[in-house]
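# Breakdown of the fold
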Amino acid sequence: MNFSLTKKINITSFLWVILATMFFVSCNRSKVHNNIKKPLAPLSFKSIAGINFTEVRRRMANGLSFDKNGFEAEPGYKITFLTNDSASVWSPDKKAFINFLVFLEPDSIFNVARSYFKMKHMSKDSLVLQVLEVQGDTLHMKHSLVYMTFYSNEYLKNVLHTDAQTLGKPDRRDTLFIEHKAAVAEKNPDSAFAGRQPVELKSLNSLLTIDRVNVKPDISNNYDASDYYMDPEFNITINKAYEDFSYSFWVCVDAKGQITFYRSIDYIMPEFRESTIKTIKAIIAGYLKAYMAATPGSTLGIKHTSWVILNVVGKK
């Protein structure tokens, strides 16, 4: 073959390789560019400004009203977005609406009334918010498993012809869930859970007095009084005891109202552990079971085993 012809063919082939490479790179860049997610538009409340919304349902990610510990996600929030940076929120403590600033974050996240939410759905008739769990400066999306559904007051009244209280009640799935948990807790106290109607203690003897530790919903606990039933706590004083003593401990109260020691709240040195627990059990058997009666906790009308904190003081 002629050398000059061969050279021309090689040069032509080389040029074709360059052109093909440039075309491939150009197409690839185009694809990369097209795959880049466009920044989401900032969240705006202009379309729903001035509309009064009432929470009608609060559910866990599994669709239930209760979690494994017995906490009930109860609806009760009312909110009206006034502008993009302010909202009026109902205060159960003051029985009035209070204006709060709204702080917008990326990805439809906002902060209002000392709480973080993610807007999952927004229309003039309804809202769906995800309650975000916050620890320090970190939002834990995987642990944020509570969802709030709101309807506008006008939609509730004129379209659904019902009220928030009716829509917010636990359903059949919740009942089956609690029935199952109660059966498990009856066999294993470690599976006990908080009663929505917590344990009640009543003194049967003037030598024993009982004071329930109350939890008031206010701004310090973000208007959340769930500790009142999640961790029921009682201060008990026994007069004319055999000696002065003070112990704080958890007890299990079963579905029949029977009280049994669960564990100490105070730290016990290993060498005193056995004797201290023996003493606490003696106090339960000799004083508490003799001087007071317990009404078991219940949820959805189902009695079940639950835990109670007792701070017991004996005065000689």
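Here's what I pulled together on the structure shown here. If you're wondering where the values come from, they're calculated on a predicted model, not measured in any experiment.

Moving on to the pairing of strand S15 (residues 245–253). A large share of S15 lies buried, amounting to 8 of its 9 residues. When S15 meets strand S16 (residues 259–264), the two strands line up antiparallel, connected through 5 bridges. Residue pairing across strands places tryptophan 250 opposite arginine 263, the latter belonging to S16.

For soluble globular proteins, the rule of thumb is that nonpolar side chains tend to be buried together. One finds Ile236, Ile238, Phe249, Leu288, Leu310 and Val312 to be the most contacted residues of the largest nonpolar core, which totals 27 residues. Contributing elements (two or more residues each) for this core: strand S14 (233–239), S15, S16, helix H6 (270–291), strand S17 (292–295) and strand S20 (306–315). Setting aside its immediate chain neighbours within four residues, phenylalanine 249 contacts Phe261, Arg263, Ser264, Ile265, Ile280, Ile284, Leu288, Val308, Ile309, Leu310 and Val312. Ranked by size, the runner-up nonpolar core spans 19 residues in total, among them Phe53, Val102, Ala113 and Phe150.

Right, let's get into the environment of valine 308. Its location among the elements puts valine 308 in strand S20. Among the residues examined, valine 308 registers a relative accessible area of 1% and is labelled buried. The spacing of valine 308 and alanine 194 is 114 residues in sequence and 8.8 Å in space, taken between C-alpha atoms. Every residue in contact with valine 308, bar those within four places of it in the chain, is listed here: Val199, Pro232, Phe234, Phe249, Trp250, Val251 and Val253.

What counts, and where the lines are drawn
- Residues numbered from 1 in each chain as written.
- Predicted model: local features only at pLDDT ≥ 70, side-chain atom pairs only at ≥ 80, totals over all residues.
- Heavy atoms only, no water.
- Buried < 20%, exposed > 50% of the residue type's maximum accessible area, 1.4 Å probe, protein only.
- Helix = DSSP H or I, 4+ residues; strand = E, 2+ residues; numbered from the N terminus.
- Pairing = 2+ DSSP bridges.
- Core = buried A, V, L, I, M, F, W, Y, C linked by side-chain atoms within 4.5 Å.
- Contact = heavy atoms within 4.5 Å.

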